[in-house]
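Here is how the chains run, residue by residue.
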Amino acid sequence: QLGIEGDDTAIICLNGLRVDNDSRDYHYHAPTMTYEDCELKEAIGNKYFMGVLYCFEDKIYYHMDDVAFQDYQLGISEQQFKFFNESLNAEKITGLKDIKHLFETGHQILKMVYIQNGDYTELVKERIAKEFDSRYNLLIVGDGWAEIMPRSVNKGDAILNYAASLGIKPEEVMTFGDSDND
């Protein structure tokens with residue numbers, strides 16, 4: 001509808017962690033979380049009975065105790081639950097230590113996510129965020145879905161940097177969104 005050709009479209013994804021436009025040879029991949037940072041966030045998630053997802057390029061690893069998983073199930077639609085169980089390339093683990101080898105072999109985690117019943121997540125999100133150091137944000141991006149991202153990574157900066165690479169001024173950019181990460 002906008003007359004934008006597919007070959008010349010930039011993809012800004014993962015909350016601005018990555019920006020790619022192959023036709024313009026523009027690629028930006030921001031640094032992400034270390035294993036030690038993930039350990040700290042895992043401990044906070046466990047403290048608040050959150051399921052924890054570790055999202056990598058080819059697979060999502062997750063852990064969640066049975067009661068928390070039942071609570072999560074109560075708060076999502078059947079379609080969302082089906083997607084979680086059937087559409088994700090996911091593997092259940094007992095904790096971050098199970099995938100330490102990925103960090104040690106150079107795999108980059110794309111993001112961490114806390115999942116839980118949406119009502120519960122809404123109740124505890126401020127408490128959780130207060131436990132984060134100033135380098136990280138907790139972003140509620142869906143019902144019961146809270147993403148953990150480095151504060152230095154955001155869609156706004158990614159858009160402005162990409163626009164600048166094309167000679168587009170900030171006042172010539174229009175954006176919209178409906179979640180914390182927008």
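Just above, that's the structure.
Rules behind the numbers
Residues numbered from 1 in each chain as written. Predicted model: local features only at pLDDT ≥ 70, side-chain atom pairs only at ≥ 80, totals over all residues. Heavy atoms only, no water. Phe/Tyr/Trp six-rings, centres within 6.5 Å; stacked < 30°, edge-to-face > 60°. Buried < 20%, exposed > 50% of the residue type's maximum accessible area, 1.4 Å probe, protein only. Helix = DSSP H or I, 4+ residues; strand = E, 2+ residues; numbered from the N terminus. Pairing = 2+ DSSP bridges. Axes fitted to C-alpha atoms, helices over the stretch in contact; angles between N-to-C directions. Salt bridge = Lys/Arg side-chain N within 4 Å of Asp/Glu carboxyl O.

Let us look at the packing of aromatic side chains. All chains considered together, the criterion is met by 5 aromatic pairs. Seen from their ring centres, F56 and Y61 are 5.9 Å apart, and the 80 degrees between their planes marks the pair as edge-to-face. Classification of Y61 as buried rests on a relative accessible area of 10%. Aromatic pair F56 and F103: ring centres 5.7 Å apart, planes at 80 degrees, arrangement edge-to-face. Residue F56 is found in the loop between strand 4 (51-55) and strand 5 (60-63), and its partner F103 is found in helix 4 (residues 100-104); the two are separated by 47 residues along the sequence. Residue F56 is classed as buried on the basis of its relative accessible area, which comes to 6%. Its relative accessible area of 17% is what places F103 among the buried residues. Taken together, Y35, F56, Y61 and F103 form an aromatic cluster joined through their ring pairs.

We now examine unusual backbone geometry. A positive phi angle is found at N15, which is not glycine, with a value near 60 degrees. Structurally, N15 is set in the loop between strand 1 (11-13) and strand 2 (18-21). Phi is positive for D25, which is not a glycine, with a value near 50 degrees. On the secondary structure map, D25 appears in the loop between strand 2 and strand 3 (26-29).

Now for the sheet that holds strand 1. Strand order in the open sheet formed by 3 strands is 1-2-3, and the pairing between neighbours is antiparallel. Only two strands of the sheet have a single neighbouring strand rather than two, namely strand 1 and strand 3. With direction set aside, neighbouring strand axes in the sheet form an average angle of 10 degrees. Pairing of strand 1 with strand 2, which is carried by 3 bridges, proceeds in the antiparallel orientation. Along strand 2, the bridge assignment pairs C13 with R18.

The next point concerns the pattern of salt bridges. Evaluation of the coordinates by the stated rule reveals 7 salt bridges. For D37, the salt bridge goes to R135, with nearest N and O atoms at 2.9 Å. Here D37, found in helix 1 (residues 35-47), pairs with R135, found in the loop between helix 5 (118-131) and strand 8 (136-142); they are 98 residues apart in sequence, far enough to count as distant. Its relative accessible area of 8% is what places D37 among the buried residues. Using a relative accessible area of 42% as the deciding quantity, one classes R135 as partly exposed. In this structure, E122 and K125 form a salt bridge, with 2.9 Å as the shortest nitrogen-oxygen distance. Pair noted here: E122 and K125 are both in helix 5, with a separation of 3 residues, about one helical turn. Through salt bridges with shared partners, a single ionic network connects D37, D133 and R135.

The analysis is restricted to geometry; functional conclusions fall outside its scope.
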